[in-house]
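Descriptive analysis of the structure
Read off the chains here:
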Amino acid sequence: MRIIIIGGGIGGLATYHALQKSLPSSTIIDVFEAHPSALTTNGLIGGGLSFAPNGQRALSSISPSALSYIHARGYAHPKVTFRNSYGGMVCQMPFGSKEKYSFDQFMCPRAVIHEALLLEDNMDERVNWNKRVKRVYETADSVKVEFDDGTIEVCDLLIGSDGARSVCRNALYGEEYASQYDGMTGVGGFIPIPSLSPSIQEGIQKEPQAIIISQNGTFGLSKCSHPSDPIQRVLWFCSFEISPPPSRTSPPIEHLEGLLARYGDWKSPYDPSPSTGLVREVLTKACEDGNNKWLILPRWFTPILPHWTSLHGLSETGSDGVATGSGRIILLGDSVHSMPPDGAQGVSCAVEDALALALILKRYPKVTTEEIKNVARAYEDIRKYRVNKILAEAKGRADRKREGSYLSLKIRETAMYILSWLPEGFLNDEVFGHDVEAEVVKYFA
């Protein structure tokens, strides 16, 4: 059996390792990535992220060594402090603790997770780099992948993990369910903590992750370095409503005036002086110092898809005129559920997808046409409802960050304060307590 994975990002690499661990050694697994090198992919893969307990639990089943690599390069933060733009405390919210879920919520650069999966099994040499997909289509008994360079690869099963603008998804839907810009853009980056004023450094130590909420956006700071790291860094991030989205390649200094107009007067208990607030200093340093990494991330999301596999049919481009849809094309990660970062579940859900698919395939060693259909059915049954619910919640959180009235902000603050007093399990068990292995066993039982 030959399996092709399209996409060498976090989802694609996690899938490779999960399949290698679960399937017979005779299985051929190839990864194709459009970017020319691992360095290029790693450099474009994004800013910081919260790696949730459920995602870590799934990765611990796929590659314990990769998870150890991540744990040695990030910061555990089991609670988040929320403040208003006047510096007042709104609440402190539990956000996934090791005592409750065996893993703490973990903040790190997204590139660290990618590096961990690249180093495992020497993936840099195994990935077919610089292979951009032009078209994916099913035949009666196989899947064909046509690349921009004219070459064609044939496989028994194709796994599409090629991101929000997925070519593999087009085989199922064409442009009907293309990813959409949701009108919100995130901006952020990393700053060395020692470069900030002493009062700000003190605030970061007291509140390692703090988010300021207001009527016209959010602004946050989070430690993202392991305590043993000699260069301690803080991740800063903000999000606001803007259309069209700004260019991702525009120089930071071009955005400083606009960011200061939006956030510059926001207050914090740790402001260096009455005239220079924490937010103003962080933004100025981030924009003016060319050594501080800077990212502009317009938010693309995938509408909730009716199905995740080709079992239910194909688009005109996804069929050669013979196939009626046999489940040989399977989507995972951002290609099927690209979601706003507000749910802090994008990477975790992709890793869960990878593990679930590998465990399902393990139960069908012959991989006949009928078995592939069973794999596709089981994958959708196990994953669709859970992820669609998380996707809807993440979209709701993003929408609540749009510009609104003073009354809507106060209602939101009151609701958050009440929720912060509820037991952690009530808030987080459904998402953070999820165990993919147990779910697969339960499904087949």
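Rules and cut-offs
Residues numbered from 1 in each chain as written. Predicted model: local features only at pLDDT ≥ 70, side-chain atom pairs only at ≥ 80, totals over all residues. Heavy atoms only, no water. Pairing = 2+ DSSP bridges. Helix = DSSP H or I, 4+ residues; strand = E, 2+ residues; numbered from the N terminus. 1 Å grid on protein atoms, 1.4 Å probe; cavity = no way out; pocket = protein on both sides within 12 Å on 5 of 7 lines; lining within 4 Å. Points joined across faces, edges and corners; volume = space filled by probe spheres on them. Nonpolar A, V, L, I, M, F, W, Y, C, P; charged D, E, K, R; others polar. Buried < 20%, exposed > 50% of the residue type's maximum accessible area, 1.4 Å probe, protein only. Contact = heavy atoms within 4.5 Å. Phe/Tyr/Trp six-rings, centres within 6.5 Å; stacked < 30°, edge-to-face > 60°. Lys NZ or Arg CZ within 6 Å of the ring centre and 35° of its normal. UniProt positions renumbered as here; feature names shortened; annotations may be inferred. Lys, Arg positive; Asp, Glu negative; His and termini not counted. Salt bridge = Lys/Arg side-chain N within 4 Å of Asp/Glu carboxyl O. Polar contact = N/O pair within 3.5 Å; in protein donor to acceptor, adjacent residues only side chain to side chain.

1. A word on the sheet that holds strand β3 (residues 48-51)
Backbone-to-backbone hydrogen bonds join strands into a sheet, with any given pair of strands oriented parallel or antiparallel. Taking strand neighbours across the sheet as the criterion, the three strands line up as β3-β7-β4 in an open arrangement whose pairing is antiparallel. Every other strand in the sheet has two partners, leaving β3 and β4 (75-76) as the edge strands with one partner each. Two elements, β4 and strand β7 (residues 106-109), share two bridges in a ladder whose sense is antiparallel. Bridging across to β7, Ala76 finds its partner in Phe106.

2. Focus on unusual backbone geometry
Here the residue pair Ser243 and Pro244 is connected by a cis peptide bond, since its omega of 0° sits within 30 degrees of zero. Inspection of the secondary structure puts Pro244 in the loop between β15 (233-241) and α10 (256-263). Residues other than glycine seldom take positive phi values, yet Ser102 does so here, at roughly 75°. The topology assignment puts Ser102 in the loop between α5 (98-101) and β7.

3. Brief notes about empty space enclosed by the protein
Using the criterion set out here, one finds one cavity of 30 Å³ or more in the structure. Size it by volume and the largest cavity reaches roughly 140 Å³. In terms of lining, the largest cavity is formed by 13 residues, of which the most central are Glu207, Ala210, Leu221, Ser268 and Leu278. Contributing elements (two or more residues each) for the lining of the largest cavity: α9 (198-206), β13 (209-214) and β14 (217-223). In the lining of the largest cavity, the residues fall into eight nonpolar, three polar and two charged.

4. Focus on the environment of Ala344
Tracing the backbone through its elements, the reader meets Ala344 in the loop between α12 (334-337) and α13 (346-362). For Ala344, a relative accessible area of 16% puts it in the buried group. For Ala344 and Phe51, which are 293 residues apart along the polypeptide, the C-alpha to C-alpha distance reads 7.2 Å. Ignoring any residue separated from it by four or fewer positions in sequence, one finds Ala344 in contact with Ser50, Ala52 and Phe95.

5. Description of the packing of aromatic side chains
Summed over the entire model, instances satisfying the criterion amount to twelve aromatic pairs. Taking the centre distance of 4.8 Å and the plane angle of 85° together, the rings of Tyr263 and Trp266 count as edge-to-face. Residue Trp266 is classed as buried on the basis of its relative accessible area, which comes to 7%. Joined through ring pairs, the aromatic side chains of Phe219, Trp236, Phe240, Tyr263 and Trp266 make up one cluster. Over the aromatic face of Tyr69 sits the side chain of Arg73, whose NZ or CZ is 3.6 Å from the ring centroid. The ring of Tyr137 carries the charged tip of Arg135 above its face, separated from the ring centre by 3.9 Å.

6. Side note on the UniProt feature "domain: FAD-binding" (unreviewed entry) in the protein chain
Listed under "domain: FAD-binding" (unreviewed entry) in the UniProt record, and renumbered for this structure, are residues 326-390. In residues 326-390, helix accounts for 66% and strand for 5%; the two terminal C-alpha atoms are 28 Å from one another.

7. Focus: the side chain of Arg57
Its location among the elements puts Arg57 in helix α3 (residues 53-62). One buried charged side chain, Arg57, makes no salt bridge at all; its nearest oppositely charged neighbour is Asp435, positioned 4.9 Å away. Among the polar contacts listed, one links the side chain of Arg57 to the backbone oxygen of Tyr101, at a separation of 2.8 Å. With near-sequence residues (within four places) excluded, Arg57 lies in contact with Tyr101, Phe103, Phe432, Gly433, His434 and Asp435.

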